[in-house]
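Coordinates in review
This is what each chain is made of:
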There are 2 protein chains.
Amino acid sequence: MKVPRPVIKRMPVYYRCLERLKNEGVKYVSSQKLARRLHLKDSQIRKDLSHFGKFGKRGVGYEVESLLNDITKILGLHKQWKVIVIGAGNIGKAIARFRALEKNNFKVVAVFDTDKRKIGTELLPGLKILDMASLRDFVGREGADLAILAVPASSAQAVANDLQKAGIRGILCFAPVTLNCAIPVEYVDITAFLKTLAYSVLTEKYNV
Amino acid sequence: MKVPRPVIKRMPVYYRCLERLKNEGVKYVSSQKLARRLHLKDSQIRKDLSHFGKFGKRGVGYEVESLLNDITKILGLHKQWKVIVIGAGNIGKAIARFRALEKNNFKVVAVFDTDKRKIGTELLPGLKILDMASLRDFVGREGADLAILAVPASSAQAVANDLQKAGIRGILCFAPVTLNCAIPVEYVDITAFLKTLAYSVLTEKYNV
């Protein structure tokens, strides 16, 4: 039975909220309280979680740490994912240096580029920019799982093909394209978020 | 009549695809062809667009440039949006330097930070890092519309409050929080995308 995509997209939101509650020392939380924090309906939260099993107790709610552990396993975050970044431009470098990744068990193990002036330079201690030509060897040797694609749109599909051949199992794509891939792809289009925001701002105004 | 959020989220995807088709010199496109490019159903595309009016002709399809212009207006992209970036860390700097923003009519007019060592330095020609203390004056004077929030989670809500008081009309939030705001907010949580991707990779494997 396939879990609907909107449900899967909300699981990381629950994860993040439970993590915060845990850090605040909260032991139990009701679906109502979670709903208020996340601007969702409590019935939605209960229905979403029911796709993955039986969680929480009537009248008590969810045990924060236990539900967090369950979602950690559902999302496969109890093991570390090795991530490579392709493209050492502004976005690629920012992602590679983004500390939240490792805190969430995504470890950036290498950054690749084709620019000879960038290859060999160190982004962080122990994190060098490598030559794209060594991609296949590297993935075979180090066993990277996921790739973050931060290359121009014009080369994104060719790089995605290389990544699949190299054995990468999933791609997070920052390039403004739709890829043809046999492996899972998630897209982050920052301008699309701004466009949705612009629309919301305009329609808010019209609604006044 | 409020347009459902998933429809609004797909409009920038149509926009991007039509823009590419236009650049390729394509004059007309059917919903079937759009659907194949975008891995969607053609009925979905027709239904989505029907929220905004009557587009396309039976047997001919959509005129690419005309539909692109219509979506441009729907999303409010025919005028330029002035954008400020809050937080000159890795993500904030990468976003401020991201050329795709201006191409899409989002112009980054200033970057703000509280770090005295960063204030006054130039990120791009004509784009200096300004003191957060001058936010309200700047927004009042320059009339910025949208803010990109790239500060740590711990200060995100306080900054969001300042942004609202200063007259900002919408926030794109990169901090891993849920904000309480009276203005529209869109969230970009890069680790959430990776978590969804990890889940897809794991379940793909199980499905084999």
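The structure contained in this document is the topic of the report that follows. (Residues numbered from 1 in each chain as written. Chains lettered and ligands numbered in written order. Predicted model: local features only at pLDDT ≥ 70, side-chain atom pairs only at ≥ 80, totals over all residues. Heavy atoms only, no water.)

**A look at the relation of the copies chain A and chain B**
Superposing chain A onto chain B takes a rotation of 180° plus a shift of 0.0 Å along the axis, which leaves an RMSD of 0.0 Å. What the rotation and shift describe, once combined, is the action of a two-fold rotation axis. Identified as the residue of chain A closest to the rotation axis by C-alpha distance is alanine 94 of chain A, at 3.1 Å. (Least-squares fit on C-alpha atoms with pLDDT ≥ 70 in both.)

**Focus on the side chain of threonine 196 of chain B**
For threonine 196 of chain B, the location among the structural elements is in helix H9 (residues 190-207). For threonine 196 of chain B, the contacting residues outside a window of four places in its chain are Arg5, Ile8, Lys9, Pro12 and Glu186 of chain A. (Helix = DSSP H or I, 4+ residues; strand = E, 2+ residues; numbered from the N terminus. Contact = heavy atoms within 4.5 Å.)

**Some remarks on the packing of aromatic side chains**
Following the criterion strictly, the structure yields 5 aromatic pairs over all chains and no others. Pairing phenylalanine 52 of chain A with tyrosine 199 of chain B gives two aromatic rings, centres 6.2 Å apart and planes at 85°, and the pair type is edge-to-face. With phenylalanine 52 of chain A in the loop between helix H3 (42-50) and strand S2 (62-63) and tyrosine 199 of chain B in helix H9, this residue pair bridges two chains. It is lysine 79 of chain A that lies over the ring of tryptophan 81 of chain A; its NZ or CZ is 4.5 Å from the centre. (Phe/Tyr/Trp six-rings, centres within 6.5 Å; stacked < 30°, edge-to-face > 60°. Lys NZ or Arg CZ within 6 Å of the ring centre and 35° of its normal.)

**Digging into the state of the cysteines**
Enumeration according to the criterion identifies 0 disulfides over all chains in this entry. Free of any disulfide, cysteine 173 of chain A has its nearest cysteine sulfur in cysteine 181 of chain A, 8.3 Å distant. (Disulfide = S-S within 2.5 Å.)

**Here's the deal with the pairing of strand S6 (residues 127-131) of chain A**
All names here are of chain A. When strand S4 (residues 106-113) meets S6, the two strands line up parallel, connected through 3 bridges. In the sheet register, valine 111 faces S6, and the bridge partner there is isoleucine 129. In the sheet, strand S5 (residues 122-124) pairs with S6 via 2 bridges, with the strands oriented antiparallel. Note that in S6 the partner of glutamate 122 across the bridge is lysine 128. (Pairing = 2+ DSSP bridges.)

**A word on the interface of chain A and chain B**
Each partner contributes residues to the interface: chain A has 62 residues there, and chain B has 62 residues. Buried area between chain A and chain B, summed over both chains or domains, comes out near 5600 Å², and the portion from carbon and sulfur atoms is 73%. If you sort the residues of chain A by the area they bury against chain B, Phe193, Lys195 and Tyr199 of chain A come out on top, with a joint share of 14%. On the surface where chain A and chain B come into contact, there are 2 salt bridges. (Buried area = accessible area lost by both parts, 1.4 Å probe. Salt bridge = Lys/Arg side-chain N within 4 Å of Asp/Glu carboxyl O.)

**Here we look at the packing of helix H7 (residues 135-142) of chain B against helix H8 (residues 153-166) of chain B**
Angle between the axes and distance between the axes are the two parameters that describe a pair of packed helices. Residue and element names in this part refer to chain B. Put simply, H7 and H8 touch, their axes get as near as 9 Å, and they point 35° apart. For H7 against H8, the interelement crossing comes out right-handed. Contact with H7, carried on its side by Leu135, Arg136 and Val139, involves Asp162, Leu163, Lys165 and Ala166 of H8 and no other residues of that element. Grouping the constituent residues of the contact of H7 with H8 by class yields 4 nonpolar, no polar and 3 charged. (Axes fitted to C-alpha atoms, helices over the stretch in contact; angles between N-to-C directions. Left-handed = near helix turned anticlockwise from the far one by under 90°. Nonpolar A, V, L, I, M, F, W, Y, C, P; charged D, E, K, R; others polar.)

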